[in-house]
Each structure stands twice: as C-alpha cells, then as structure tokens.
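# Structure assessment
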Amino acid sequence: MQRSEVVALDKRHVWHPYTPMDEYIARTDPLVVVGAEGPYLFDADGTRYLDANGSWWVSTLGHRHPRLVRALTEQAGAFPHTSLAGVTHAPAARLAGELVALAPGAGRDGVPEAERLSRVFYSDNGSTAVEVAIKMAAQYWAQNGRPTRTRFITLSGAFHGETIGATSVGGVEVFRDVFGPLLFDVVHVPSPAEPAGWERAFAQVEATLRAHPEEIAAVILEPLIQGAAGMHVYAPAFLRAVREATRAVDTFLIADEVFTGLGRTGARFACDLADVVPDLLCLAKALSGGLMPFAATLATERVFSGFGGGSERALYYGHSYCGNPLGAAVAREVLAVYRDEDVLGQVARKAPRVKAAFERMAADIPGVTRPRAMGLVGAVDLGGGGYLARAGWRVYEAARRRGLYLRPLGDTVYVAPALNIPDAALDELLAGVEASLHEVARAGV
C-alpha cells in the first residue's frame, strides 16, 4: 500500500489511544512505521526517526534486538501457546526462577523467608499486573482474618494502568474522573515529588495507616519515578519510610515497577535504590523487550501462603495468554542480554550525560523549568498546564522535523530511550531535544 492509502484507511477505522480523534483525523500526519532497528523507527516516506521514548517505554534493548528475535522464532517453532491452567512449560517455569533470583532482597541476609518475593503470577500487561496485585491483597485479608481491609493508599499523580481496578488506584485526574462512579474508594496522599517535599506526603501516609490500620489493604506506588504524571522524581527515603510504616501496622506495600523495573532508573529495580522489598511487585514493558505483551506480578511467600487450603481460597484470576511461552522465552532472553551486555553498566555511564543535558536546557532556554533526571530518564516542563496542555506538542513537531519521535506528557518534555542506545545516537537525541526547545522558546511558548 502507498503511504497515503495507509493513512486514509487508518483515519477511517482505527481508534488511537490517548488521542483526540477529531483533531487527529483533521490535522495529523502520523508516522507510518514500516521498519525499526535499534533506537530508530523508519517511516514509509523514507524518514528515519530516533525513538525517544522506546515506543512507550517497552523497547529497552532497542527494536529487533537479534537475540530477542531469535528467541521468539525458536519458541514459535516449538509451540507458541498453551494455557497455564493445570499445565506448565519450561519457559514459564525457568523465567519464574530467574525473576525470583533477581528480585529485590534475593540473596540478601536478614530478609525472612516469608518476606522474600518467591512466587510469580503471569499476565498480559502492566494494567493486569497491577490488577492482580490489588486482588491478591484484597483477597488475602478477606480470607485471613482481616476482612475490613479493603482500601488502598495511593499517590496524587499516580498512574497504574487502564483496567477499572488499576484506574481506581490512579491519581491522574484526566484519566480517572470520567469513570468516578465505577471506581472503588482509595485514599490519595500528596505526591512525594511535590515542592513541599516527601516528608509531607509521608506524614499523610503514616497518619492514615495509624488512624485506620484495619481498613488499609495496601499502599501502592510507582517507586522513585511517577511516569505518566510527568516523570516526577522523588527521594528513595520516602519509599523506605513507607515500607517501615506499612510494616508497623502489618499491611502490604505494592511496588508498581512496570516503568521503572529492569534498569530504567539505573538499578535493576527502583526498589533496590531504596533497599526495599515490597510484598507485591508488578513488572511489564521492559520484561519482554517490546516484542510481546507480557507481564508478571511477584509475591512474597507470606502472600502466597494466604491462598492455601481448600478450593474456595484459591485465586480465581487469569488470562488466556497468562504465561504465554513466546513471551516467557523472550523475557528469559531479555534477562540474559541484560547480563551479557552489561545493560545496567551502560545506563550508569550514560545517565550523567542525560542529567547534565536537561539541567543545561533549563538553565539556558527561557520558559524551560524543573529539570529532573534519573537513570535514562530526563525531563523538563514548559509551563503548568498539565497533561492536556499543548506546549509540549509544539516541541514534538519541532523534534519531528529533526528526525526525533518525541511524545510529550502535556507540558512535560522527556526522553526515555532504549537503555543500550549507542553513544552517538544519545548525543543526537539530546542535541535534537535541546534544539527543538530553543526553537519553540524563540517562537514563544
């Protein structure tokens, strides 16, 4: 098909995510991707674009990493799918063992056996990884003597996914308000990334736990970086304090590492930077390197043991593609590539360049504020209009003219590229973002 034919057919029939469709149909000339390699996307018009956000944070090893493609092909040649209901297979079993061995607290002295992340439940994506964690926490308390524990504490600006349960514990108003009548009650506390400091946020978490210890099933949060809120970064001290506060009242901590897990912050897990072991940990995105929808929820032995006994106590939850062999095989190869190619070491070497570049942008460009960076995430703001603001999209357009695919979060302009992005490509990316911000500033943000 010609490029124009693809666009015409798309605009007649495709409903795009996070997209005002009237505007899209009337004015947008979309990228029409016909190929991808490493950190690059290739449009049908022949243009090469640097993928500044790893195609929504999933392609952490770049596009079409040859080892991942080979793992996918080999598994497809054996068997592409079977259910995991009363059935098992080597990719799922071996991956579970490898995830447990890498999880926060694994191999560390002083972590009681019951508090180790020792069990793995598979699902399809970040939303379902969070959804099952919510259900695990609620059902655990319901059938283990504390049935009044049905509420969750979550952060302002939190994003945990799109299913109704995940939306309920979210805190980005534009994503959740319309669904208000469908959502269950949660306690929202201030974001620890707000200028008032993490101590204010923690004070509200602690006060809520102390005042209502028999109501709170869990505290759920994105460790250290609140992604969809605008790449808001907060101190590891907050995460450590919340862990201790949940222990004080014997309730659960859910760490949503769908974005931060597997190297994005510079550590294997963001929880590792705070020396925290949660009760439940959610993984997706980087887990399958952008090749397959695949997710996992890790649980402690204590949580798992709460579902033992008669059949009425089982976790009745699952998905058709739960533990899909293709996804599991690719995820195992992702972990192997991280090890063999020293991906965390690559992030450590590149992270200071990202931080320095975004600090320079904020210092040198009028209207650009609040530089922040952690690992291979860098972000600045162009105003205070939130997710629906348009300033970031003017930067998107300027960046596209420079061969960058840079998707903003409203007024927040950020990068979250492949963790193994070559040095020259990273330099190209950072220079292109800086030039695009200068262009928009000159035109008047």
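Here, every reference points to the structure presented above.
Conventions adopted
Residues numbered from 1 in each chain as written. Predicted model: local features only at pLDDT ≥ 70, side-chain atom pairs only at ≥ 80, totals over all residues. Heavy atoms only, no water. Helix = DSSP H or I, 4+ residues; strand = E, 2+ residues; numbered from the N terminus. Rg over C-alpha atoms; globule rule 2.2 N^0.38 Å. Buried < 20%, exposed > 50% of the residue type's maximum accessible area, 1.4 Å probe, protein only. Contact = heavy atoms within 4.5 Å. Polar contact = N/O pair within 3.5 Å; in protein donor to acceptor, adjacent residues only side chain to side chain. Expected span 1.5 Å × (residues − 1). Pairing = 2+ DSSP bridges. Salt bridge = Lys/Arg side-chain N within 4 Å of Asp/Glu carboxyl O. Phe/Tyr/Trp six-rings, centres within 6.5 Å; stacked < 30°, edge-to-face > 60°. Lys NZ or Arg CZ within 6 Å of the ring centre and 35° of its normal.

Assigned secondary structure in the chain consists of 16 helices and 16 strands. Taken against the 2.2 N^0.38 rule, which gives 22 Å for 445 residues, the C-alpha radius of gyration of the chain at 22 Å falls within 12% of a compact globule. When its C-alpha atoms are laid out on the principal axes, the chain stretches across 60 × 55 × 45 Å. Relative to its 445 residues, the chain shows a buried fraction of 55%.

Tracing the backbone through its elements, the reader meets aspartate 279 in the loop between α11 (270–273) and β11 (280–283). Its relative accessible area of 8% is what places aspartate 279 among the buried residues. With 25 residues separating them along the chain, aspartate 279 and isoleucine 254 place their C-alpha atoms 6.1 Å apart. Other than its neighbours up to four places away in sequence, aspartate 279 contacts Leu117, Arg243, Thr251, Phe252, Leu253, Leu298, Ala299, Thr300 and Val303. Side-chain polar atoms of aspartate 279 contact the backbone nitrogen of leucine 253, separated by 2.8 Å.

One can find glutamate 37 in strand β1 (residues 33–37). Looking at glutamate 37, the relative accessible area reads 38%, which means it is partly exposed. The spatial distance from the C-alpha of glutamate 37 to the C-alpha of aspartate 51 is 10.0 Å, given a sequence separation of 14 residues. Excluding residues that lie within four positions of it along the chain, glutamate 37 makes contacts with Phe42, His63 and Arg64. Within the local environment of glutamate 37, its side chain forms a polar contact with the side chain of arginine 64, the two groups lying 2.3 Å apart.

This paragraph deals with helix α6 (residues 126–142). For α6, spanning 17 residues, the distance from its first C-alpha to its last is 24 Å, which sits close to the expected 24 Å at 1.5 Å a residue. Counted residue by residue, α6 has 14 buried out of 17 residues, so it is predominantly covered. One side-chain oxygen at the N-terminal end of α6 lies 2.9 Å from the backbone nitrogen of serine 127; it belongs to asparagine 125.

Taking strand neighbours across the sheet as the criterion, the four strands line up as β1-β2-β3-β15 in an open arrangement whose pairing is mixed. Taken across any chain shown, the strands that pair with only one partner, and hence form the sheet edges, are β1 and β15 (404–405). For β1 and strand β2 (residues 40–43), the ladder comprises four bridges, and the chain directions are antiparallel. Note on β2: the bridge partner recorded for valine 33 is aspartate 43.

On to the pattern of salt bridges. Counted under the stated rule, the structure contains 32 salt bridges. We note a salt bridge from glutamate 333 to arginine 67, for which the minimum N-O separation is 2.7 Å. Residue glutamate 333 is found in helix α13 (residues 325–340), and its partner arginine 67 is found in helix α4 (residues 66–78); the two are separated by 266 residues along the sequence. Between arginine 146 and aspartate 250 there is a salt bridge; the shortest N-O distance is 3.0 Å. Note that arginine 146 is positioned in the loop between α6 and β5 (151–155) and aspartate 250 in the loop between α10 (236–248) and β10 (252–256), a separation of 104 residues in sequence. Using a relative accessible area of 29% as the deciding quantity, one classes aspartate 250 as partly exposed.

As a further point, take the packing of aromatic side chains. One pass over the structure, following the stated rule, counts 17 aromatic pairs. Ring geometry for phenylalanine 121 against tyrosine 317: centres 6.0 Å apart, planes inclined by 50°, an arrangement best described as tilted. Here phenylalanine 121 is found in strand β4 (residues 117–123), whereas its partner tyrosine 317 is found in the loop between α12 (301–305) and α13, with 196 residues between them in sequence. Neither residue differs from the other here; phenylalanine 121 and tyrosine 317 are each classed as buried. Relative to tryptophan 141, the ring of tyrosine 140 has its centre 4.9 Å away and its plane inclined at 90°; by these criteria the two rings are edge-to-face. When its relative accessible area of 8% is taken as the criterion, tyrosine 140 is described as buried. Given the relative accessible area of 1%, tryptophan 141 is considered buried. Above the face of the tyrosine 40 ring, arginine 48 is positioned so that its terminal group lies 3.9 Å from the ring centre.

Coordinates in, geometry out; function isn't part of it.
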